[in-house]
Structures are given as C-alpha cells and as structure tokens.
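Residues per chain are reported as follows:
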Amino acid sequence: VRISIHPKDDARGCLNLPFTVFRLGVQHDLISFSFHANEGEMDAEALVRELAQVDFRALVRLIEQGARGMLVNAGDTLSIWTE
C-alpha cells in the first residue's frame with residue numbers, strides 16, 4: 001500500500017507499507033498521521049483533515065477483495081494506491 005502526499009511546496013512524502021502491516025495497523029488503530037509545517041510551507045492542518053476523511057477500513061476491505069491501482073486520489077494533495 002502506498003500513501004503519497006504532495007504538498008504545494010514541491011516536497012513530497014511517500015509511505016510504502018506491506019499490506020499485512022497496513023491491515024494490522026488499521027485494525028488496531030495504530031495508523032495515525034501528524035505533520036509539522038514551517039511558516040509559508042504546506043498547510044499541515046488541511047492535509048490532516050484530508051487524511052481524516054479517508055476510510056482506511058474500507059480500503060482494507062477493497063484490497064482484500066482484490067482491488068488494485070489508485071484507491072484514493074484527492075487532487076494534488078493525497079494519493080493512495082496498491083499494486
């Protein structure tokens with residue numbers, strides 16, 4: 001499972017997790033996100049709000065059913081996909 005974060009300031013973060021680790025993290029509420037932004041950089045609060053809207057349990061169910069490819073595409077800010 002790949003989670004890619006594309007803030008407006010051209011910095012980029014990418015998290016690559018094996019599905020088993022992702023699933024266990026979601027099932028046990030171990031996956032959380034926090035960001036720190038310096039003045040003039042990406043809006044960390046907006047990004048956290050974007051991530052809060054993602055139903056990670058639904059993503060686990062989709063992947064277990066065989067879904068592949070782009071699962072979440074929130075414009076230029078956030079992408080979640082699996083291969």
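Residues numbered from 1 in each chain as written. Predicted model: local features only at pLDDT ≥ 70, side-chain atom pairs only at ≥ 80, totals over all residues. Heavy atoms only, no water.

### Topic: the packing of aromatic side chains
In step 1: Evaluated as defined, the whole model comprises 1 aromatic pair.
In step 2: With 6.1 Å between their ring centres and 65 degrees between their planes, phenylalanine 22 and phenylalanine 56 make a pair best called edge-to-face. With phenylalanine 22 in helix H1 (residues 19-27) and phenylalanine 56 in helix H3 (residues 56-64), the pair connects residues that are 34 residues apart, well separated along the chain. For the pair shown, phenylalanine 22 and phenylalanine 56 are each scored as buried. (Phe/Tyr/Trp six-rings, centres within 6.5 Å; stacked < 30°, edge-to-face > 60°. Helix = DSSP H or I, 4+ residues; strand = E, 2+ residues; numbered from the N terminus. Buried < 20%, exposed > 50% of the residue type's maximum accessible area, 1.4 Å probe, protein only.)

### What to know about the environment of isoleucine 3
In step 1: Looking at where isoleucine 3 falls in the secondary structure, it is placed in strand E1 (residues 2-5).
In step 2: According to the relative accessible area criterion, isoleucine 3 is buried, its value standing at 1%.
In step 3: Considered as a pair, isoleucine 3 and asparagine 16 are 13 residues apart in the sequence and their alpha carbons are 6.6 Å apart.

### Remarks on unusual backbone geometry
In step 1: Located in the positive-phi region is aspartate 29, a residue other than glycine, with phi close to 50 degrees.
In step 2: With respect to the helices, strands and loops of the structure, aspartate 29 is situated in the loop between H1 and helix H2 (44-52).
In step 3: Of the residues examined, aspartate 29 reaches a relative accessible area of 60% and is grouped as exposed.

### Some remarks on the pattern of salt bridges
Two side chains with opposite charge may pair up if their charged atoms get near one another.
In step 1: Tallied over the entire structure, the rule returns 3 salt bridges.
In step 2: Among the salt bridges present, the one from glutamate 83 reaches arginine 2, with a minimum N-O distance of 3.6 Å. Placement of the pair is glutamate 83 in the segment after strand E4 (78-82) and arginine 2 in strand E1, with a sequence separation of 81 residues.
In step 3: A relative accessible area of 67% places glutamate 83 in the exposed class.
In step 4: With its nearest N and O atoms 2.9 Å apart, the salt bridge here joins aspartate 29 to arginine 57. Here arginine 57 lies in helix H3 and aspartate 29 lies in the loop between H1 and H2, a separation of 28 residues in the sequence. (Salt bridge = Lys/Arg side-chain N within 4 Å of Asp/Glu carboxyl O.)

### Topic: the confidence of the model for the protein
In step 1: For the protein, per-residue confidence averages 80 on the pLDDT scale, and residues scoring 70 or more make up 77% of the total.
In step 2: When mean pLDDT is taken per element in the protein, H3 scores highest with 92 and H2 scores lowest with 73. (pLDDT = per-residue confidence, 0-100.)

### As for the sheet that holds E4
In step 1: A sheet is described by the order of its strands in space; here 4 strands give the open sequence E2-E1-E4-E3, paired in antiparallel fashion. A single partner strand is all that each edge strand has here, and the edge strands are strand E2 (13-16) and strand E3 (69-74). For this sheet, the mean angle separating the axes of adjacent strands, direction not counted, is 10 degrees. (Pairing = 2+ DSSP bridges. Axes fitted to C-alpha atoms, helices over the stretch in contact; angles between N-to-C directions.)

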